[in-house]
Amino acid sequence: QVHLVESGGNLVQPGGSLRLSCAASGTIFSIYTMGWYRQAPGKQRELVARITSVGRTNYADSVKDRFSISRDNRKKLLYLQMNSLKPEDTAVYYCHLELPSGDLWGQGTQVTVSS
C-alpha cells in the first residue's frame with residue numbers, strides 16, 4: 001500500500017512560520033515528482049509548489065518569495081517551509097505524489113493564519 005501522511009498544520013499569527021511534513025510509505029518515492037496543494041473554503045484546490053526527483057522546483061506566484069519546498073529522498077520526506085504567513089494562506093494543505101497510475105493525495109492538514 002502507498003500512503004502519504006502529513007503533519008505540521010496549526011493555528012499561527014500573521015507573519016509567523018510553519019513547516020509542513022509529508023511522510024511516504026510503500027513507494028519508491030525518489031523517482032517521483034511531488035507537490036503541495038491547498039484548498040481554501042469555497043475555492044478550488046490550487047498548486048502551491050512542486051519538486052521533481054532531482055530537485056527542480058516551481059511555485060505559485062502568491063507564495064514564491066515566502067515558501068520553500070524540499071525533499072529528503074533517503075528519508076522519504078517532503079517538506080514545505082512557510083514564512084511570513086498571511087491570512088489568505090489559510091487552507092487545508094495536501095501532499096501530492098505523481099504516480100504513473102495516477103495522482104495520490106495525503107489526507108490534508110489545516111493551516112489557519114489569524115490574529
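Below: a short report on this structure.

Conventions adopted
- Residues numbered from 1 in each chain as written.
- Predicted model: local features only at pLDDT ≥ 70, side-chain atom pairs only at ≥ 80, totals over all residues.
- Heavy atoms only, no water.
- Salt bridge = Lys/Arg side-chain N within 4 Å of Asp/Glu carboxyl O.
- Helix = DSSP H or I, 4+ residues; strand = E, 2+ residues; numbered from the N terminus.
- Buried < 20%, exposed > 50% of the residue type's maximum accessible area, 1.4 Å probe, protein only.
- Pairing = 2+ DSSP bridges.
- Axes fitted to C-alpha atoms, helices over the stretch in contact; angles between N-to-C directions.

With that out of the way, let us pick up the pattern of salt bridges. Scanning the entire structure with this criterion turns up five salt bridges. Put simply, Glu98 and Arg50 hold a salt bridge, and the shortest N to O gap is 2.9 Å. Of the two residues, Glu98 is situated in strand 9 (residues 91–99) and Arg50 in strand 5 (residues 46–51); the sequence distance between them amounts to 48 residues. Residue Lys64 is joined to Asp61 by a salt bridge in which the shortest nitrogen-to-oxygen separation is 3.9 Å. The network of salt bridges with common partners includes Arg38, Glu46, Arg66 and Asp89.

In regular strands, side chains alternate between the two faces of the sheet. The buried fraction of strand 8 (residues 77–82) is high, at five of six residues. Inspection of the sheet shows strand 3 (residues 18–25) paired to strand 8 by six bridges, in the antiparallel sense. Across the sheet, Arg19 pairs through a bridge with Gln81, a residue of strand 8. One ladder, built from six bridges, connects strand 7 (residues 67–72) with strand 8; its direction is antiparallel. The residue of strand 8 that forms the bridge with Ser68 is Gln81. Connecting strand 7 to the next strand, strand 8, in antiparallel fashion are four residues, including Lys76 with a positive phi near 55°.

A few words on the sheet that holds strand 1 (residues 3–7). Strand order in the open sheet made by the four strands is 1-3-8-7, with antiparallel pairing throughout. Of all strands in the sheet, those bounded by a partner on one side alone are strand 1 and strand 7. The sheet shows a mean angle of 15° between the axes of neighbouring strands, direction not considered. In the sheet, strand 1 pairs with strand 3 via five bridges, with the strands oriented antiparallel. The residue bridging His3 from the neighbouring strand is Ser25, located in strand 3.

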